[in-house]
Amino acid sequence: MAKNTSSNAFRKIDVDQYNEDNFREDDGVDSAAVGPDENEITSLLTKGKGVEALLSALQNAPLRCKNQNVKDNALNITLRVLLSIKSTQIDQAIDSVEQNDLIDVLMKYIYRGFETPSEGSSGHLLQWHEKAFAKGGVGCIVRVLSDTNRA
């Protein structure tokens, strides 16, 4: 037989936390991400080191940051780097990107650049897209379009 207890502590448990159907945003959001260092990238571009500037911009991309101003600033910096690299140097720049996840980040910035075209940028970004697609393949495009972390 069950004992009648006066304890009601069991009623303070939130049973909804154990439900698998509850959606929760990723808790691992890096709020301290500030994006690429604009001074460093500007100095690399003035020295003619576009490939190093591209690598720095891609490695410091604020993908998990929720602050849209930080993301827009990083987009402007990265697009400035992409558009400053000449068409003849695109192959060299793509070959210098060793990691596949950086190719994905590059493709994210290319697609964001397509969203806000400027004078002559679309043709140049299409060349970048062609070279990045040649290295990353279809999987790169699928990962970028299905990823929830926008550049």
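Bear in mind the structure is a predicted one, so any value in this text is a computation, not a measurement.

Draft legend 1. Up close: the packing of helix α2 (residues 50-59) against helix α5 (residues 100-115). α5 packs onto α2 with a crossing angle of 90 degrees between their chain directions and a minimal axis gap of 9 Å. In terms of orientation, α2 and α5 fall into the roughly perpendicular class. Across from Leu54, Leu58 and Gln59 in α2, the residues of α5 making contact are Leu102, Val105, Leu106 and Tyr109. Among the residues forming the contact of α2 with α5, the class breakdown is six nonpolar, one polar and no charged.

Draft legend 2. Quick peek at the pattern of salt bridges. Inspection of every chain in the model, using the stated rule, returns six salt bridges. Ionic pairing is found between Asp147 and Lys108, a salt bridge with its closest N-O pair at 2.4 Å. With Asp147 in the segment after α6 (121-146) and Lys108 in helix α5, this residue pair connects regions lying 39 residues apart in the sequence. The exposure class of Lys108 is buried, given its relative accessible area of 8%. Between Arg112 and Glu115 there is a salt bridge whose closest N-O contact spans 3.5 Å. Here Arg112 and its partner Glu115 are both found in helix α5, three residues apart, which amounts to about one turn of the helix.

Draft legend 3. Focus on the packing of aromatic side chains. Here the structure, examined in full by the defined rule, presents one aromatic pair. Arranged with centres 6.2 Å apart and planes meeting at 55 degrees, the rings of Tyr111 and Phe114 form a pair that is tilted. Here Tyr111 pairs with Phe114, and both are found in helix α5, just three residues apart, close to one helical turn. Taking the relative accessible area as the measure of exposure, Phe114 reaches 28% and is therefore partly exposed.

Draft legend 4. Local environment of α2. Within α2, eight of the ten residues are buried, which leaves the element mostly enclosed by the surrounding structure. Within α2 the residues assigned to the buried category are Gly50, Val51, Ala53, Leu54, Leu55, Ser56, Ala57 and Leu58. Here the buried face of α2 lies against α1 (38-46), α3 (68-84), α4 (90-96), α5 and α6.

Draft legend 5. Up close: a nonpolar patch on the surface. A grouping of Ile13, Val15 and Tyr18 is seen on the molecular surface, where their side chains present a nonpolar patch of about 360 Å² in accessible area. Following the sequence through the fold, Ile13 ends up in the segment before α1.

Draft legend 6. Expanded view of the layout of surface pockets. Considered as a void within the structure, the second largest pocket measures approximately 150 Å³ in volume. Every residue lining the second largest pocket is listed: Leu45, Gly48, Lys49, Gly50, Val51, Glu52, Ser84, Ile85, Lys86, Gln89 and Gln92. Looking at the lining of the second largest pocket element by element, the count peaks at three residues for α2. Looking at side-chain class alone, the lining of the second largest pocket contains three nonpolar, five polar and three charged residues.

Rules and cut-offs
Residues numbered from 1 in each chain as written. Predicted model: local features only at pLDDT ≥ 70, side-chain atom pairs only at ≥ 80, totals over all residues. Heavy atoms only, no water. Axes fitted to C-alpha atoms, helices over the stretch in contact; angles between N-to-C directions. Helix = DSSP H or I, 4+ residues; strand = E, 2+ residues; numbered from the N terminus. Parallel < 35°, antiparallel > 145°, perpendicular 65-115°, else oblique. Contact = heavy atoms within 4.5 Å. Nonpolar A, V, L, I, M, F, W, Y, C, P; charged D, E, K, R; others polar. Salt bridge = Lys/Arg side-chain N within 4 Å of Asp/Glu carboxyl O. Buried < 20%, exposed > 50% of the residue type's maximum accessible area, 1.4 Å probe, protein only. Phe/Tyr/Trp six-rings, centres within 6.5 Å; stacked < 30°, edge-to-face > 60°. Patch = residues over 30% accessible without salt bridge, like charges linked within 9 Å, V, L, I, M, F, W, Y side chains within 5 Å. Areas by Shrake-Rupley, 256 points an atom, 1.4 Å probe, with all protein chains shown as cover. 1 Å grid on protein atoms, 1.4 Å probe; cavity = no way out; pocket = protein on both sides within 12 Å on 5 of 7 lines; lining within 4 Å. Points joined across faces, edges and corners; volume = space filled by probe spheres on them.

What is shown is where atoms sit, not what they do.
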